[in-house]
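Residues per chain, in single letters:
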Amino acid sequence: MKQQELEEYLSLYFIMGSVNCSQDPVEVLKQAIDGGITLFQYREKGEGALQGNEKYRLGEKLKKVCLNAGIPFIINDDVNLGIALDADGIHVGQDDEAAHTVQQKMGNKILGVSTHTIAEARKAVFDGADYIGVGPIFPTRSKDDANKVQGIQILQQFREQQITLPMVGIGGITAANAKQVIDAGANGVSVISAIAGADNVKQAALQLKSKVL
Ligand SMILES: Cc1ncsc1CCOP(=O)(O)O
Ligand SMILES: C=C1C=NC(C)=NC1=N
Ligand SMILES: [Mg+2]
């Protein structure tokens, strides 16, 4: 996929698993798509997350929704699930399978890597990542083992250090702070609770979308 095309997909990158939703996850995804999300990551993780066949079956349903909407479907962490579901890409953290082996397994699928330091960002570039997730930018309650809060300056620092790879900010991003994340140099924002936890999911996505365009 061309860098320019991927940068557009990264504009409003919704991440969600059953743990993050009070409503049916399939309905939440449909409403988020109606609200204008541009990319989706299935991240089934944390207390009470689905496992095995249940995880696979929900993934299958969510992938179908993305396929119908023309939205790329990314799997978090679980490379085998990504391959089994023929996902459009995989997102891995520093403690997951190494990016370069995932690249080999997934062929020319989208490869995203979580980074928290300039060294990790440079390694992700070297390993062939297509984009990097950078954060947590603001305090977050959606990841219990999140690294320390970085603020938007980490995004500015990465650009100053000539990291030109597409990148999204993640962590505590809402309609109130999304614009600063873009102004600091991110190509888009990654969001879990501001959309998945909203009473009106479609409205929440629409509001965020208006801040990142
Ligand atoms: C997966 C992840 N990585 C860094 S913070 C985070 C959680 C983001 O969730 P929220 O958008 O609800 O703060
Ligand atoms: C931890 C993460 C960081 N960034 C992105 C985009 N996804 C993740 N799961
Ligand atoms: Mg991970």
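Conventions adopted
- Residues numbered from 1 in each chain as written.
- Chains lettered and ligands numbered in written order.
- Predicted model: local features only at pLDDT ≥ 70, side-chain atom pairs only at ≥ 80, totals over all residues.
- Heavy atoms only, no water.
- Disulfide = S-S within 2.5 Å.
- Buried < 20%, exposed > 50% of the residue type's maximum accessible area, 1.4 Å probe, protein only.
- Pairing = 2+ DSSP bridges.
- Helix = DSSP H or I, 4+ residues; strand = E, 2+ residues; numbered from the N terminus.
- Axes fitted to C-alpha atoms, helices over the stretch in contact; angles between N-to-C directions.
- Contact = heavy atoms within 4.5 Å.
- Donors = N, O, S within 2.8 Å, 3.2 Å for Na, K, Ca; no water.
- UniProt positions renumbered as here; feature names shortened; annotations may be inferred.
- 1 Å grid on protein atoms, 1.4 Å probe; cavity = no way out; pocket = protein on both sides within 12 Å on 5 of 7 lines; lining within 4 Å.
- Polar contact = N/O pair within 3.5 Å; in protein donor to acceptor, adjacent residues only side chain to side chain.

It is not clear to me how the state of the cysteines should be interpreted in this structure. Could you clarify?
Linking two cysteines covalently through their sulfur atoms gives a disulfide. What the rule picks out here adds up to zero disulfides. Free cysteine Cys21: the closest other cysteine sulfur is in Cys66, separated by 13 Å. Looking at Cys21, the relative accessible area reads 14%, which means it is buried.

Looking at this model, I keep getting lost on the sheet that holds strand β6 (residues 131-134). Mind explaining?
What links the strands of a sheet is backbone hydrogen bonding, and the strands pair in either a parallel or an antiparallel sense. An order of β1-β2-β3-β4-β5-β6-β7-β8 is seen for the eight strands of this closed barrel, with the pairing classed as parallel. Here the average twist between neighbouring strands, direction ignored, is 25°. As defined by bridge partners, strand β3 (residues 73-76) adjoins strand β4 (residues 89-92) across three bridges and the pair is classed as parallel. The residue bridging Asn76 from the neighbouring strand is His91, located in β4. Helix α3 (residues 52-69) rests against β1 (12-16), β2 (39-42) and β3 of the sheet, and its axis sits at about 175° to β2. Against the sheet, helix α10 (residues 201-212) engages β1 and β8 (188-191), with an angle of about 145° to β1.

What is the right way to read the coordination of the magnesium ion (ligand 3) from this model?
Metal coordination angles in their ideal form are 109.5 degrees for the four-donor tetrahedron and 90 or 180 degrees for the six-donor octahedron. Distances from the magnesium ion (ligand 3) to its protein donors, Asp77 (OD) and Asp96 (OD), fall at 2.0 to 2.1 Å. On the criterion of sequence distance, the pair formed by Asp77 in the loop between β3 and α4 (79-84) and Asp96 in the loop between β4 and α5 (99-106) is long-range, its members being 19 residues apart.

Teacher, can you tell me more about the UniProt feature "binding site: Mg(2+)" (unreviewed entry) in the protein chain here?
In this numbering, the UniProt entry assigns the feature "binding site: Mg(2+)" (unreviewed entry) to Asp77 and Asp96. With the annotated positions falling across 20 residues, the maximum pairwise C-alpha distance of 6.2 Å places them together in a single cluster. Set against the largest pocket, the annotated residues that line it come down to Asp77 and Asp96. Other than its neighbours up to four places away in sequence, Asp77 contacts Lys45, His91, Val92, Gly93 and Asp96. Within the local environment of Asp77, its side chain forms a polar contact with the side chain of Lys45, the two groups lying 2.9 Å apart. Taking the relative accessible area as the measure of exposure, Asp96 reaches 22% and is therefore partly exposed.

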